[in-house]
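Secondary and tertiary structure notes
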Amino acid sequence: MTSFDSSPTLTAWRALLAIAVVFVMLATTGWTAVRHQHSAAPREIALAAWAKDRIAGHALPDVGAPASRLAHFFTALTAGQQVALADKYPLVVGNLNGAPVELRYRANRHALAQAETAEEQRTQDTRLSPDGRHQAVLRLARFRSLLAGDRQILTFDPSGRGRAAEVFGDLDRADRISVVVPGVDTNLLTLERTGPKENAAPVGMARSLYEAERSARPASHTAVIAWADYTTPVGIGMDAVLGGLASEGAVRLNALVEGLPGTSGVSLFCHSYGSVLCGVAAHDLPSRVSDIAVAGSPGMRADSAGALHTRARVWAMRDSDDWIAEVPNMEVGGLGHGADPVDPSFGARIVSANGAIGHSGYFEPGTESLDNFAAIGVGAYDSVTCASSDLACHREISGEPET
C-alpha cells in the first residue's frame, strides 16, 4: 500500500514549495531587480500613423506581414523613397524585419535622437517624482550611449521598459550569424554595463562573443546580435516560472531570424530565462538555425532535446558555481520549465564551462564557456571542449545537424 507521504499529489506540492523557497532565497541574494516602467508609447503612435499613410499612391504594408513580403516592398521603392519612410517613421522602419539592414540602422539613429530630446525634457519636468526624474536621467544616458560612435542598432523601442538589439559585424556579408538571447530583467537600462560586469549584460555578451569568434576563425565573416528585443520577466515572480513571456518572445525571435539578410547559418546562444524562450521557439525556427546553445538554463520547457522538435544541434553548459542548479527542474500545471538540459538523459551535447564564475560569467574572455560558444558560432565543431563526463558529446560532434 502506498503511503500518503509518497503520493504524487504531495510530491508535486513539495516540489512547488521547493521552487518557492529557492525563489525567495534568490530574491534575497540580489537576483531580483524591480524596474519602474515608462508609460509613454511613442511607437504605437507611429504605427497608427503608418497604417493610414501611402507612398507613390500605394498603402504602406502591414507591419505584421512576413519578412519576405516586407523585403519585397522595400525592394520596389527607390532609394529616396526608402530614406523618406525611414526618416518619417523611424520607430516603424527601424523595427521592420525584412527592411534593409542599413536603412534600419539609419531609422533607429533618428528614433534615438528623438527619444533623447524627449527624455532630456523629462529630466526637467517638475511634475515627476524624484525617482521619476532619476529614471529619466538614466534613460537619457542610455540613449546617448546608443547614439555614440557608429553603433549598429537593429531594433529600438523606448516604450515601457524598452527593447533594443545591437549588431556587431556586417550582417549583409556574414557567413555565420550568432544571436545572444538574454534572461530576466533585461531592458534598456540593463542592456549594457561598464566595468567588471560588462560581459554579464547583453551588449557585453555579444561583443565578447564577436571578438572570440573572430579569434577562433579570423578568415570568416561573422556577425553577432545582442537581442534584447522581447519583454523579459521582472525579477523572481510568476512570470519567471511561467512560459507566457517566453512564448511571446519566441514569436519575435522567429520573426527576427526570418528577416535576417542572406542565407548564412544562424546560431542561438540562450542564457538563463533566454533558454526557456529558445526552447519554446525551437520547433518553429527557420531551417537556417543550425545550433541552439544554452547556458545557466532553468529548463527549455521540454522533457528532452528530441522533444524540442528541431533539426538544430542542441548544446548545454552550466558552471559548477551557478546557483541555477538549485532550481528544481520540473513542470507542474505550467509552473517550472521542465528537465535539466545538462542532465545526460536530456540528450543535449554537454560542453565545458570551465573558467566561468557564477550565473553570469559564461561570456568572460579566457573561459572555456566563451571559447566553446565561439567555436559553435563559427562552425568549428571539432574545437568544442566537451564536459569530461559527457561521452555523447565526444561521440556525436559532427559538421551536420542531427536528423
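Coordinates for the structure precede this section.
Presented here is a report on the structure given in the accompanying data block.

Calculation rules
- Residues numbered from 1 in each chain as written.
- Predicted model: local features only at pLDDT ≥ 70, side-chain atom pairs only at ≥ 80, totals over all residues.
- Heavy atoms only, no water.
- Buried < 20%, exposed > 50% of the residue type's maximum accessible area, 1.4 Å probe, protein only.
- Helix = DSSP H or I, 4+ residues; strand = E, 2+ residues; numbered from the N terminus.
- Pairing = 2+ DSSP bridges.
- Right-handed = clockwise from strand over helix to strand, strands pointing away.
- Axes fitted to C-alpha atoms, helices over the stretch in contact; angles between N-to-C directions.
- Parallel < 35°, antiparallel > 145°, perpendicular 65-115°, else oblique.
- Left-handed = near helix turned anticlockwise from the far one by under 90°.
- Contact = heavy atoms within 4.5 Å.
- Nonpolar A, V, L, I, M, F, W, Y, C, P; charged D, E, K, R; others polar.
- Lys, Arg positive; Asp, Glu negative; His and termini not counted.
- Salt bridge = Lys/Arg side-chain N within 4 Å of Asp/Glu carboxyl O.
- Polar contact = N/O pair within 3.5 Å; in protein donor to acceptor, adjacent residues only side chain to side chain.
- Disulfide = S-S within 2.5 Å.
- Expected span 1.5 Å × (residues − 1).
- Core = buried A, V, L, I, M, F, W, Y, C linked by side-chain atoms within 4.5 Å.
- Phe/Tyr/Trp six-rings, centres within 6.5 Å; stacked < 30°, edge-to-face > 60°.

A word on the pairing of strand β5 (residues 176–181). Here β5 lies mainly inside the structure; six of its six residues are buried. Two elements, β5 and strand β6 (residues 222–228), share five bridges in a ladder whose sense is parallel. Bridge pairing in β6 places Arg176 opposite Thr222. In this region the chain leaves β5, passes through helix α8 (residues 202–216) and returns to the parallel neighbour β6; the handedness of that crossover is right-handed.

Closest axis-to-axis distance for the helix α4 (residues 79–88)/helix α6 (residues 101–123) pair is 8 Å, and the angle between their directions is 30°. Regarding the angle of α4 to α6, the classification is roughly parallel. For the element pair α4 and α6, the recorded crossing hand is right-handed. Along its contact with α4, which presents Gln82, Val83, Ala86 and Asp87, the element α6 presents Leu103, Arg106, Ala107 and His110. A breakdown of the residues in the contact of α4 with α6 according to their chemical character gives four nonpolar, two polar and two charged.

Moving on to the side chain of Arg43. Checked against the element boundaries, Arg43 lands in helix α2 (residues 42–52). Among buried charged residues, Arg43 stands out as having no salt bridge; its nearest opposite-charge side chain is Asp157, 4.8 Å away. Within the structure, the side chain of Arg43 is placed 2.9 Å from the backbone oxygen of Leu91, a separation counted as a polar contact.

So, on to unusual backbone geometry. Even without a glycine there, the phi angle at Arg301 is positive, about 55°. Structurally, Arg301 can be placed in the loop between β8 (289–295) and β9 (313–317). Its relative accessible area of 30% is what places Arg301 among the partly exposed residues.

A few words on the pattern of salt bridges. In the structure shown here, the tally under the stated rule is 16 salt bridges. Each member of the salt-bridge network shares a partner with another, and the members are Arg142, Arg151, Glu166 and Glu192.

This part is about the pairing of β9. Among the five residues that make up β9, five are buried, leaving the element largely enclosed by the rest of the structure. When β8 meets β9, the two strands line up parallel, connected through five bridges. Along β9, the bridge assignment pairs Ala295 with Met317. In this sheet, strand β10 (residues 349–350) lies alongside β9 in parallel orientation, the contact comprising two bridges. The residue of β10 that forms the bridge with Ala316 is Ile350.

As enumerated under the stated definition, the model contains one disulfide in all. Two residues share a disulfide in this structure: Cys270 and Cys278, whose sulfurs sit 2.1 Å from each other. Across the S-S bond linking Cys270 and Cys278, the dihedral sits near -85°, which makes this disulfide left-handed. Across the pair, Cys278 and Cys270 agree in class, each one buried.

Compared with the 21 Å implied by 1.5 Å per residue over 15 residues, the 21 Å span of α8 between its first and last C-alpha is a close match. Regarding α8, the residues found buried are Pro202, Val203, Gly204, Met205, Ala206, Ser208, Leu209, Tyr210, Ala212 and Glu213. For α8, the secondary structure elements touched by its buried residues are β4 (163–169), β5, β6, β7 (265–271) and α12 (368–378).

As a further point, take the environment of Gly355. Within the secondary structure layout, Gly355 lies in the loop between β10 and α12. With a relative accessible area of 52%, Gly355 lands in the exposed category. For the pair Gly355 and Pro365, spaced 10 residues apart in sequence, the C-alpha to C-alpha distance is 9.3 Å.

In globular proteins that are soluble, nonpolar side chains generally tend to be buried together. In terms of nonpolar packing, the biggest core is built from 62 residues, with Leu85, Phe156, Leu209, Phe363 and Phe373 touching the most fellow members. Those residues in contact with Phe373 that sit more than four places away from it in its chain are Leu209, Phe269, Ala293, Ala295, Met317, Tyr362 and Phe363.

Before going further, it helps to spend a moment on the packing of aromatic side chains. Enumeration according to the criterion identifies seven aromatic pairs in this entry. A centroid spacing of 5.1 Å and a plane angle of 80° characterise the contact between Phe73 and Phe74, whose relative ring orientation is edge-to-face. Residue classification places Phe74 among the buried residues on the basis of a relative accessible area of 1%. Ring geometry for Trp315 against Tyr381: centres 5.9 Å apart, planes inclined by 5°, an arrangement best described as stacked.

Moving on: the environment of Leu285. Mapped onto the elements, Leu285 comes out in the loop between α11 (273–281) and β8. Between the C-alpha atoms of Leu285 and Asn254, which are 31 residues apart in sequence, the distance is 5.7 Å. In this view, Leu285 contacts Asn254, Leu268 and Ile292; residues no more than four positions away in its chain are not counted.

This part covers the side chain of Ser159. Here Ser159 lies in the loop between β3 (152–157) and β4. In terms of polar contacts, Ser159 uses its side chain to reach the side chain of Asp157, at 2.9 Å.

Our next topic: the sheet that holds β10. Within a sheet, neighbouring strands are paired by backbone hydrogen bonds and run either parallel or antiparallel to one another. Read across the sheet, eight strands follow the order β3-β4-β6-β5-β7-β8-β9-β10 without closing on themselves; strand pairing throughout is mixed. The sheet terminates laterally at β3 and β10, the two strands that pair on one side only. Strands β4, β5, β6 and β7 of the sheet are contacted by α8, whose axis makes an angle of about 165° with β6. Contacts from helix α10 (residues 244–259) reach β3, β4, β5, β6, β7 and β8, with the element oriented near 155° to β6.

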